[in-house]
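Here's the letter readout for the chains.
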Amino acid sequence: MSGFSRRGACPALSAPMQTGDGLLVRLNPVAGGVSPKALIGLCESALRHGNGVIEVTARGSLQIRGLTAESAALLATEVDALGIAVRTGVPVETGPLAGLDPQEIADPSPLAARIREAIDAAGLGARLGPKVSLVVDGGGRLNMYTVQADVRLTALAPGQWLLAVAGDARTATTIGAVAEADACDAALAILNAIAERGREARARDLTTEELRKLVAGRLQRGDSEYELSALNAPSPIGILPLGRDASILGLGLPFGHMQAERMIALCREAEILGASEIRFAQQRAVLVLGLSQSACAELQHKAASLGFVTDPLDPRRMIAACPGAPSCASGRIAAREVAEEIAGDSGTALDPSITLHISGCAKGCAHPARSALTLVGDEKGAGLVVDGTAKGLPAAYTPGYELARGFGRVAALLTEQRRPGETTAQCIARLGESRLAMAFQQG
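Analysis parameters
- Residues numbered from 1 in each chain as written.
- Predicted model: local features only at pLDDT ≥ 70, side-chain atom pairs only at ≥ 80, totals over all residues.
- Heavy atoms only, no water.
- Salt bridge = Lys/Arg side-chain N within 4 Å of Asp/Glu carboxyl O.
- Helix = DSSP H or I, 4+ residues; strand = E, 2+ residues; numbered from the N terminus.
- Buried < 20%, exposed > 50% of the residue type's maximum accessible area, 1.4 Å probe, protein only.
- Pairing = 2+ DSSP bridges.
- Axes fitted to C-alpha atoms, helices over the stretch in contact; angles between N-to-C directions.

**Quick word on the pattern of salt bridges**
Summed over all chains, the structure comprises 16 salt bridges. One salt bridge connects R202 with D150, and the closest N-O pair in it is separated by 3.0 Å. Of this pair, R202 sits in the loop between α4 (180-196) and α5 (208-215) while D150 sits in strand β8 (residues 149-157), placing them 52 residues apart in sequence. A salt bridge links R370 to D387; the shortest N-O distance between them is 3.6 Å. Here D387 lies in strand β20 (residues 381-388) and R370 lies in the loop between β18 (356-359) and β19 (371-378), a separation of 17 residues in the sequence. In this structure R370 comes out as exposed when scored by relative accessible area, which is 55%. Bridged by salt links that share partners, the residues D21, E55, R65 and R336 form one connected network.

**Overview of the sheet that holds β19**
Pairing in this open sheet of five strands is mixed, and the strands run β17-β18-β19-β20-β21 from one edge to the other. Edge strands, defined here as strands with exactly one partner in the open sheet, are β17 (319-321) and β21 (396-398). Taken over all neighbouring pairs, the strand axes of this sheet differ in orientation by 20 degrees on average, direction set aside. Where β19 meets β20, seven bridges bridge the pair, whose relative direction is antiparallel.

**Considering the pairing of strand β2 (residues 22-27)**
Burial runs high along β2: five of the six residues are buried. As defined by bridge partners, strand β1 (residues 17-19) adjoins β2 across three bridges and the pair is classed as antiparallel. Paired with T19 across the strands is G22, a residue of β2. Taking the residues between adjacent antiparallel strands as the criterion, β1 and β2 are bridged by two residues. As paired elements, β2 and strand β5 (residues 62-67) share four bridges and run antiparallel to each other. By the bridge assignment for β5, V25 is matched with I64.

**Observations concerning unusual backbone geometry**
Here the amide bond leading from A325 into P326 is cis, since omega sits at 0 degrees, within 30 degrees of zero. Considering the arrangement of structural elements, one finds P326 in the loop between β17 and α8 (335-345). Of note, R284 is a non-glycine position whose phi angle comes to about 60 degrees, a positive value. Relative to the helices and strands, R284 resides in the loop between β15 (277-281) and β16 (285-291). Under the relative-accessibility criterion, R284 is labelled buried at 18%.

Encoded structure:
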């Protein structure tokens, strides 16, 4: 290992990143997933060399934390010995069921592979910043609509892809439709333009006019002539039928993390039941493949007893929480302990229309984007930020030890004031910052 990646970089296996609780590495298997046996070996390695916690990110990447320089090197050696090949270079992401989902509009895997090869051939990896990424989304049961990317290619029909930049499916700027034969070249043209602006540049730094000029000869239609069938992101949690006599079990990791011992127990049971592969999915989930529907039900019951999320409406799915104190040296509140308490006491106040972000400090590692509500620790205690990020100015404060109780008052207000048919997000917007702040700090 040549050194540690800087804050804001992507902590690949060969370039661990320093965090408040040691070094962090992120792994994305080339094959899409790993066997239960290989994941057991990886968890055992995390126990030996890290803090014994396995994480899955909102984008579906696997993370191991709490490493040292020496143990990170040993972990990398053991990952190689387990036969787990991991992706390097500019991320070109596809859905967790790419090529397997009968509901896909098109298999994104061949196009994604061509783009990866073209990026390597052009030497773009060294010229682009570490956060630049691409998504090639074939649609289907588990699409990539919520995943942010600099360049997005979304299947409109077999052989036709929608090109957009700088955002997720809702927020990205649409450039137009391109044929599959032109999609790789169009993506490369945009990446080259980003690289020419330096390693700090992103797709958002290019104007729409510049982007359209870059791909003008490859566009089939303009941005007003297309329509995606649905801009929603189905939950990966539950038993998902996959063709004849096959099902997939989707399980959530509470707040994106799970003790390695519990993951090992799940993998051993999955292996006994005949599972062939485990994949990591967006929305902090794991997918168990190769099971019959009855085996899925049996493993789901076991997973619930181990603490995994098995219900798509589990309140823990609506909360993003970092490790917090004392696990992270930067944390000023015990973010995940507070998250557990809030999830158990919030009732119906949390729903899928919002993400409650609980951050140990202002860095906001668990959820960098804006949230309807953010609870953040700082030198004044615990603050409430409405419609902002952990870096925002809190509207109100409460002592850190009172945080769960303070949010309980906010939850009670939302439950009392929500109108029939109104989502939590709509209720928050209607009540406004001042009223929520009064409830939060009332003592």
